[in-house]
Amino acid sequence: MGRFWSILFLMVLVGGLGTFAVAPVINHWLPKDVSEHGRAIDGLFYFILGLTGVVFIATEGVMFWFLWKYNSDSHSEPVKFTHGSHSLEIVWTIIPAATLLFIAIYQMNAWAAAKMRKPEIPPTLEVTAHQFGWSIRYPGTDGELGTKDDIYLENELHVPVDEEVLLELKSADVLHSFFLPNFRVKQDAVPGMKIPVWFRPKAEGKYDIVCAELCGWGHYKMKGQILVQSRRDFDLWLSQKFAEQSAVKGPAAAGASEE
Amino acid sequence: MSSITIGSQAPAHGHEHGHDQAHAHTASFLSTYVFSKDHKVIGIQFLFSTLLWFLVGGLLALAVRWQLAWPWSDVPLFGRLYAAEGGQMAPEAYTMLVTMHASVMIFLVIIPILAGAFGNFLIPLMIGADDMAFPTLNMLSYWFMWPAFFFFGASFFVEGGGAAAGWTSYPTLSSNPPAAPGSMSGQTLWLLGLTFVGISSMMGSVNYMTTIIQMRAPGMSMFRLPLTIWAMFITAVLQAFALPVLTAAGFMQLMDRELGTGFFTPEGSIINNTISTAGGGSPLLWQHLFWFYSHPAVYIMILPAMGMVSDIIACFARKPIFGYKPMVYSIAGIAGLGFIVWGHHMFVSGMNPILGATFMVATMMIALPSAIKTFNWLGTIWGGKVQFTTPMLFALAFVSMFIIGGLSGIFMAATPVDIFIHDTYFIVAHFHYVLFAGTAMGVWGAIYFWYPKMFGRMMNEFWGKVHFFLTFVFLNGTFFPMHVLGAVGFPRRLADPYHYETFRHLQPMNQFMTLCAIGMVASQIIFVVNFFYSMFFGPIAGRNPWRANGLEWTAPSPPGHGNFDFQPIVYRGPYEYGSPETTEDFYPQTQPPPDNAPPAPPGGHH
Ligand SMILES: [Cu+2]
Ligand SMILES: [Cu+2]
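In this text, all values refer to a predicted model and were calculated from it rather than measured experimentally.

Peer 1: How do you make sense of the overall build of chain B when you look at a structure like this?
Peer 2: Secondary structure assignment for chain B yields 17 helices and two strands. For 606 residues, the compact-globule estimate of 2.2 N^0.38 gives 25 Å, and the C-alpha radius of gyration of chain B, at 25 Å, lies within 12% of that figure. By residue count, 65% of the 606 residues in chain B fall in the buried class. Long-range pairs, those at least 24 residues apart, make up 77% of the contacts in chain B between residues at least 6 apart in sequence.

Written out as structure tokens, the structure reads:
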């Protein structure tokens, strides 16, 4: 039976590697990356996958081999009466410590690019998460957010391709999380805070906006869409929206300003 | 001591003699089996209660899995609870299920089964004491779980249902009753339940620390303690330091809810059309306080299992544990670093990213002691004579699965990768590999290993192995694909993820996982039958059925009141398997060395 159980533990290794080999083939894998900094994040993912993969193969492999070799059915030599090895302990402390420290330092740059080095541009738009949707606001013709000519949208976000996008993320009620799987962007929206989020789209298309922080019963349906367009299409769309909006609420807005 | 004497004399004054026998019988039954102060009875009480809640938590998980596989279809069994929706699960019920599954498993199963059941049963036996230092406190630590059982249980039946803001109960969703149905009375009951779990744990940990420091048998120095005891000791220290913060945070949230204090609510929130009057607080404050406890709690939920697994592996490899002291230092290292990594749960929370970077470095380094422990377990198997008994299989599974859970942790410790995988199934995969495939495997190993000591009879080995095989296969079928789902970005806690373009194609994989989960829960029937059948019909175990070294194996099975029928004196550590000093392949801690003068008479026992 020792052989049987050893092989069962070998199956962890085989099954684990097999799953990760098949997953990309059947498209159960990282969704298409359409942002500039996504490349760094994916690169780091693959780097850690490779590294942990090697450790996984080594440790699970060694475990299988020891179980196979030293099982009491077949192994008749007396046990090695040892309490450990000082030099081995040092080796397997220092090597992982150095590796972990290397990963820690190696990733700093990607982290800084994603969350620290905020681009020096005026915000492209503002996103306010609420139960259960995304209120989106673009600056109107004056190019400034928070003025009367702002353009309002719900669950529909447009950005120009190949340009840095800076958005301000807010929440009206509870925690939400602004998740763009294809852009490798995720940021919690926190009531009382205005958090900057930036990315640079590199492919036109239509992608999902997902809420990734439990926000109540309707959390699952808090879905939005992000459209990456050429600068020309984007401008066209924005001016259309502007025209639509001022046609509808123009008189009302004018009335309000008279008060 | 004196206070106990006074306490036990007090009723005698007020009591008339000549009460009928029946009353005396009831009283002795109650004091022996119900309000017992014997650590073994208390341990077994914890074991039964937590196993029962384990079943509840498992069924809650199945209901979650059902919804993920076949969203909005009629739920079997649970369907009757949703008669109003025609048997379908309502989305708010789904969020309640994920919340309560996690809360039950963490607060009513894992924490109390490790510290409460095994800590109680094993500590005095393994250190050679006749009981805990404070038996009454010990009894109270069990009975203070009952209000928690009641509050958690009752919360399912109040208006709005049980808590539904996640087991992390992040404000403002949790702290504002209008935010969600579960944030009405359900959340209040959840907070009260949590408080009582905390009180119980605190009483336990004070007791464990004192007992381990004060009541060790003669010769049992700290470095002759089994790793189980080291793990229990350090876990108790973790509990004692981390718990007050959670308790305080819980009270703050209660006050936010009941008195409108606004610790966690900022100005100007409009929640479900209700303007929150409070202000001046921050939702991030809760996250800091909560994770200051709950990250160490991750280790509270695994260190004792690591300790027990170490003992089981050494016993069935018939070989000393490899690197005993590095193992001890690793446990201590995990505990120490465990206090400065909580921010890794908050990388995308809006916390200062520079602070995130420092938490990242600490988090990377905490992988190190875990790696050292894994290498030492492998070193223990190396050159041994491995006996594939049921407890050994579970212990080996712990190591094999912990490797997976440990390695996946490195992905999320890397902050940029965490941006993508945070709150996805990658995280769900990670903590189920640590807590289910890890801790639960360790717990099963421990049950099969110490069952003969608890009940005096052996569990059936054949059915034990069948139980192991099915659980092991199904658990990997359930949890391993979660890594891949996480790589797609598949988010947690969504009642219906398939209306997103990005995740639509993942439904068949989820159906496969759900079938495995059903198989996994069904396999536990074998365990339950084996557990109860063996209690009455299993072969008599004798004192030391596994030929193990620990002190507990020199006591009768089951040990009577006071544990030992002799005064144990300890001559060596617990892992001297295969020592050349003796002809047997084990060397009990109490066996005098061959050419030693007869030991001094046991007079100095505390
Ligand atoms: Cu949301
Ligand atoms: Cu943590």
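Back to the write-up after that little detour.
Peer 1: Would you explain the interface of chain A and chain B in this entry?
Peer 2: When the parts of a complex come together, some accessible area is lost, and that lost area is often used as the size of the interface. Facing 94 residues of chain A, the contacting portion of chain B comprises 106 residues. Both sides together, the interface formed by chain A and chain B hides about 8700 Å², and carbon and sulfur atoms give 75% of it. Summed over the shared surface of chain A and chain B, the result is zero salt bridges. At the surface where chain A touches chain B, the tally comes to 25 residue pairs in polar contact (both at pLDDT 80 or more). Elements supplying a minimum of two residues to the side of chain A that touches chain B: helix 1 (2-25), helix 2 (38-69), helix 3 (86-106), helix 4 (108-116), strand 7 (185-189) and strand 9 (205-211) of chain A. Top contributing element to the side of chain A that touches chain B by residue count: helix 2 of chain A, with 14 residues. Residues of the side of chain A that touches chain B, tallied by class, amount to 57 nonpolar, 24 polar and 13 charged.

Peer 1: Even after reading the chapter, I still don't get the coordination of the copper ion (ligand 1), so can you show me in this structure?
Peer 2: In an ideal octahedron of six donors the angles at the metal are 90 or 180 degrees, and in an ideal tetrahedron of four donors they are 109.5 degrees. All names here are of chain A. In the first shell of the copper ion (ligand 1), the protein supplies His176 (ND1), Cys211 (SG), Cys215 (SG) and Met222 (SD), at 2.2 to 2.4 Å from the metal. Angles of 89 to 123° at the metal separate the four donor atoms of the copper ion (ligand 1), which places the site in the tetrahedral class. A residue is classified by how much of its surface remains accessible, and Cys211, at 0% relative accessible area, is buried.

Peer 1: Would you explain the sheet that holds strand 1 (residues 125-130) of chain A in this entry?
Peer 2: The pairing of strands in a sheet comes from backbone hydrogen bonds and takes either a parallel or an antiparallel form. Residue and element names in this part refer to chain A. Reading across the sheet, the five strands line up as 3-2-1-5-8 and stay open at both edges, with mixed pairing between neighbours. Each of the sheet's edge strands pairs with one partner strand only, and the pair in question is strand 3 (151-154) and strand 8 (195-199). Averaged over all pairs of adjacent strands, the angle between strand axes in this sheet comes to 25°, irrespective of strand direction.

Peer 1: What is the right way to read the packing of aromatic side chains from this model?
Peer 2: For any pair of aromatic rings, the description rests on two quantities: the centre-to-centre distance and the angle between the ring planes. What the rule picks out here adds up to 91 aromatic pairs over all chains. Between the aromatic rings of Phe20(A) and Phe480(B), the centroid separation amounts to 5.8 Å while the plane-to-plane angle is 85°, which identifies the pairing as edge-to-face. A residue pair is termed interchain when its members come from two chains, as with Phe20(A) in helix 1 and Phe480(B) in helix 16 (residues 461-488). Under the relative-accessibility criterion, Phe20(A) is labelled partly exposed at 21%. Residue placement shows Lys325(B) over the ring face of Phe223(B); its charged tip is 4.5 Å from the ring centre. One Lys or Arg, Arg572(B), reaches over the ring of Tyr587(B) and ends 3.5 Å from the middle of that ring.

Peer 1: Please clarify how the side chain of Thr514(B) should be interpreted in this entry.
Peer 2: All names here are of chain B. Within the fold, Thr514 resides in helix 17 (residues 507-537). Residue Thr514 is classed as buried on the basis of its relative accessible area, which comes to 1%. The residues touching Thr514, leaving out its near neighbours within four places in the chain, are Arg65, Trp66, Ala69 and Trp70.

Peer 1: Can you walk me through the pattern of salt bridges in this structure?
Peer 2: Residues and elements named next belong to chain A. This structure, assessed with the given rule, holds 17 salt bridges over all chains. The closest approach of N and O atoms between Asp33 and Lys202, which form a salt bridge, is 3.4 Å. Placement of Asp33 in the loop between helix 1 and helix 2 and of Lys202 in the loop between strand 8 and strand 9 is noted, with a sequence separation of 169 residues between them. Take Asp33: its relative accessible area is 17%, and that puts it in the buried class. Lys241 is the partner of Glu244 in a salt bridge, and the nearest nitrogen-oxygen pair spans 3.6 Å. Placement of the pair is Glu244 and Lys241 together in helix 5 (residues 231-258), with a separation of three residues, close to one helical turn. According to the relative accessible area criterion, Glu244 is partly exposed, its value standing at 44%. Among the ionic contacts, a cluster of salt bridges with common partners joins Glu126, Arg137, Asp150 and Lys170.

Peer 1: So what exactly am I meant to see when it comes to unusual backbone geometry here?
Peer 2: Of all residues except glycine, most have a negative phi; of all peptide bonds, most are trans. All names here are of chain B. With an omega of 10°, the peptide bond between Pro171 and Thr172 qualifies as cis. With respect to the helices and strands, Thr172 occurs in the loop between helix 6 (145-155) and helix 7 (185-214). Of note, the bond from Ser557 into Pro558 is cis; its omega dihedral lies within 30 degrees of zero at -10°. Although it is not a glycine, Ser169 adopts a positive phi angle of roughly 50°. Along the chain, Ser169 falls in the loop between helix 6 and helix 7. Even without being a glycine, Arg547 presents a positive backbone phi close to 55°. Judged by relative accessible area, Arg547 falls into the partly exposed class, the value being 36%.

Peer 1: What is the right way to look at the packing of helix 5 (residues 135-143) of chain B against helix 7 of chain B in this model?
Peer 2: A pair of packed helices is characterised by two quantities: the angle between their axes and the separation of those axes. Residues and elements named next belong to chain B. Closest axis-to-axis distance for the helix 5/helix 7 pair is 8 Å, and the angle between their directions is 155°. If you check the angle between helix 5 and helix 7, you find them roughly antiparallel. The interaxial crossing formed by helix 5 with helix 7 has left-handed handedness. Contacts between helix 5 and helix 7 pair Leu137, Asn138, Leu140 and Ser141 from the former with Ser200, Met203, Gly204 and Asn207 from the latter. Considered class by class, the residues forming the contact of helix 5 with helix 7 number three nonpolar, five polar and no charged.

Peer 1: What should I look at first to understand the environment of Ala332(B) in this one?
Peer 2: In this structure, Ala332(B) sits in helix 11 (residues 324-337). On the basis of relative accessible area, Ala332(B) is assigned to the partly exposed category, the value being 38%.

Peer 1: Sorry if this is basic, but what is going on with helix 4 (residues 91-127) of chain B here?
Peer 2: Residues three or four positions apart in an α-helix share a direction because the helix packs 3.6 residues into each turn. Residue and element names in this part refer to chain B. Between its first and last C-alpha, helix 4 extends 51 Å over 37 residues, near the 54 Å set by a 1.5 Å rise per residue. Of all the bends in helix 4, the greatest measures close to 50° and is centred on Pro112. Burial analysis of helix 4 places 36 of its 37 residues in the buried class, the great majority of the element. Positioned one or two residues after helix 4, Gly128 has a phi angle of 80°, which is positive.

Reading the values: the criteria
Residues numbered from 1 in each chain as written. Chains lettered and ligands numbered in written order. Predicted model: local features only at pLDDT ≥ 70, side-chain atom pairs only at ≥ 80, totals over all residues. Heavy atoms only, no water. Helix = DSSP H or I, 4+ residues; strand = E, 2+ residues; numbered from the N terminus. Rg over C-alpha atoms; globule rule 2.2 N^0.38 Å. Buried < 20%, exposed > 50% of the residue type's maximum accessible area, 1.4 Å probe, protein only. Contact = heavy atoms within 4.5 Å. Buried area = accessible area lost by both parts, 1.4 Å probe. Salt bridge = Lys/Arg side-chain N within 4 Å of Asp/Glu carboxyl O. Polar contact = N/O pair within 3.5 Å; in protein donor to acceptor, adjacent residues only side chain to side chain. Nonpolar A, V, L, I, M, F, W, Y, C, P; charged D, E, K, R; others polar. Donors = N, O, S within 2.8 Å, 3.2 Å for Na, K, Ca; no water. Tetrahedral: all angles 85-135°; square planar, octahedral: opposite > 155°, others 65-115°. Pairing = 2+ DSSP bridges. Axes fitted to C-alpha atoms, helices over the stretch in contact; angles between N-to-C directions. Phe/Tyr/Trp six-rings, centres within 6.5 Å; stacked < 30°, edge-to-face > 60°. Lys NZ or Arg CZ within 6 Å of the ring centre and 35° of its normal. Parallel < 35°, antiparallel > 145°, perpendicular 65-115°, else oblique. Left-handed = near helix turned anticlockwise from the far one by under 90°. Expected span 1.5 Å × (residues − 1). Bend = angle between axes of the 7 residues up to and from the residue.

Distances and angles like these do not, on their own, reveal function.
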